[in-house]
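So the chains spell out like this:
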Amino acid sequence: MVPHLVTALTGPMSELEQRIIDSMPAIERWFRLEWMEHQPPFYSSVDLRNAGFKVAPVDTNLYPGGWNNLTPEMLPLAVQAAMAAIEKICPDARNLLVIPENHTRNMFYLSNVAQLSRIFHMAGLNVRIGSINPDIKEPTAIALPDGSEVTLEPVIRTDGRVGVKGFDPCTVLLNNDLSAGAPGILEDLDDSQFLLPPLHAGWSVRRKSKHFQSYEEVAKRFGKMLGIDPWLVNPLFSQCGEVNFADGSGMECLTTNVDALLGRIRRKYKEYGINEKPFVIVKADNGTYGMGIMTVRDVKDLDALNRKTKNKMSVIKDGQTVNDVIIQEGVLTNETLDGGVAEPVVYMMDRYVVGGFYRVHEARGTDENLNAPGARFAKLDFDQSSHLPPPAGSKAGAASPPNRFYMYGVIARLAMLAASYEMEATDPHAEVYE
């Protein structure tokens, strides 16, 4: 289900957290029924924000990096989930090819690739790392800070299959979000070779607004099942597809949508007696790596954007120009760790939560994006007091501390389910029935 991890949560539980923990049997049954109808993403990570009065996902990544942030104790969970995921897709798999981003100089990212390789090696697969970076023309070993190394090999395509020299994989695992588009070498692969996630999960196709549209549907169903207002787990949003920050055109669309969304949030705050100032986060609709993001607390702020902010919002990863933006309800974070504002990040493989960590930023406020330069990652430990639940009927059961990470696992899995809906809706190969 959800590992029992020590979080930065302190003090009494909120009404929402208590409701979720008390409803665990109903929630788990609800998820089981959903996974009978829908295929979870192969792997994913979800950034969450906990404001106390509401908990919501703010970003869902279908090509998660950062696996090196999980503690060694979490690896058995990841290995078991990897086994289950691979078994469903290619039961007789022997070989797995990992295709990473083209970050050959980013040691932190390459440490993530090494960790992914270890996970699948421990799951019983031969693993090689194949690069589609045109600069990688021969096997290239790169030393990592921990003393280990990764070897990148050029990807070769033969007869509709991809691999590296002397290595023909059953499954190809992308850890590259395809922001610049799907490379031709990965298109139209032979049906006997599985590409995970599929190409339409990349940011050249995917849009955050489509994801949160799916999430809104999931939140409504979950809220009905649990008897709560879906807003308590769902960030409101709108979308604008005609903005040009460089020349200022289309700003009327952005201003109108920001103003309307701030008004909707104010009404919700009034309904729940929340004495906080509403804010929204404006993001590139296909953005990643924390690029193309700004906080707006008042619609007047948009009239005074300086050149630095406009430049930051104009271009994202791989030089992609920003024209489409999602305007998302800002969710405060009430968690701090070692003096810095913190937000949990939950990692999943197949339908299982395998771990998580905190993103912490000492220089950012509770209403700001933490996925920015200066952020650090704080690992989470297992709660030593409760590796196993107490025997049924034992007196220790009543005093056993609740799994406060459970709520985060639930919200993250709602986002994962929304990604499943999203992938089904955008699958170019899905059968259409008249």
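Being a predicted model, the structure only gives us computed values, none of them experimental.

Q: Summarise the pattern of salt bridges; cite the residues concerned and give the values.
A: Per the counting criterion, the structure on display carries 18 salt bridges. Linking R413 and E28 is a salt bridge whose minimum nitrogen-to-oxygen distance equals 2.8 Å. You can see R413 sitting in helix α9 (residues 406–426) and its partner E28 sitting in helix α2 (residues 24–37), a full 385 residues away along the chain. You'll find R413 and E28 in the same group, each marked buried. R297 is the partner of D367 in a salt bridge, and the nearest nitrogen-oxygen pair spans 2.7 Å. Of this pair, D367 sits in the loop between β17 (352–361) and β18 (376–379) while R297 sits in the loop between β13 (293–296) and α7 (307–314), and the two are 70 residues apart along the sequence. Looking at D367, the relative accessible area reads 16%, which means it is buried.

Q: For the pairing of strand β9 (residues 171–175), give the residues involved together with the corresponding values.
A: The buried fraction of β9 is high, at five of five residues. Taking every second residue as pointing to the same face, both faces of β9 are buried, with T171, L173 and N175 on one and V172 and L174 on the other. Examined bridge by bridge, strand β3 (residues 95–100) and β9 share five bridges and lie parallel to one another. Its bridge partner being in β9, L97 is matched across the sheet by V172.

Q: Which residues make up unusual backbone geometry, and what values do they have?
A: Here the amide bond leading from L196 into P197 is cis, since omega sits at -20 degrees, within 30 degrees of zero. Here P197 is to be found in the loop between β10 (194–196) and α5 (208–226). The backbone phi angle of D350 is positive, close to 55 degrees, even though this residue is not glycine. What makes D350 buried here is its relative accessible area of 3%.

Q: Could you give me a rundown of the packing of aromatic side chains, with the residues and numbers involved?
A: Counted by the stated rule, this structure contains 16 aromatic pairs. On the numbers, 5.0 Å between centres and 85 degrees between planes, the contact of W67 with Y347 is edge-to-face. Here Y347 lies in strand β16 (residues 340–349) and W67 lies in the loop between β2 (55–61) and α3 (75–89), a separation of 280 residues in the sequence. As far as burial versus exposure is concerned, W67 and Y347 are alike and both buried. For the ring pair F357 and F377, a centre distance of 5.5 Å and an interplane angle of 90 degrees mean the geometry is edge-to-face. A residue pair is termed long-range when its members are at least 10 positions apart, and F357 in strand β17 and F377 in strand β18 qualify at 20 residues. Note on F357: relative accessible area 1%, which makes it buried.

Calculation criteria
Just so you know, the residues in each chain are numbered from 1, in the order the chain's sequence is written. Residue-level local features of this predicted model are given only where pLDDT is at least 70; pairs of side-chain atoms are given and counted only at 80 or more, and the full residue set underlies all totals for whole chains, interfaces and linings. Hydrogens are left out, water is left out, and the side-chain values use all remaining heavy atoms of the structure. The salt bridge definition used is simple: a Lys or Arg side-chain nitrogen within 4 Å of an Asp or Glu carboxyl oxygen. Helix and strand assignments follow DSSP, with helices taken as H or I runs no shorter than four residues and strands as E runs no shorter than two, numbered in order from the N terminus. Burial classification: accessible surface area is computed with a 1.4 Å probe over protein chains only, and a residue below 20% of its type maximum counts as buried, one above 50% as exposed, and the rest as partly exposed. Strands are labelled as partners when DSSP assigns at least two bridges between them. Planes of paired rings set the category: under 30 degrees apart is stacked, over 60 is edge-to-face and the rest tilted, where pairs are Phe, Tyr or Trp rings (Trp by its six-membered ring) whose centres lie within 6.5 Å.

Function cannot be read off these values alone, since they describe shape.
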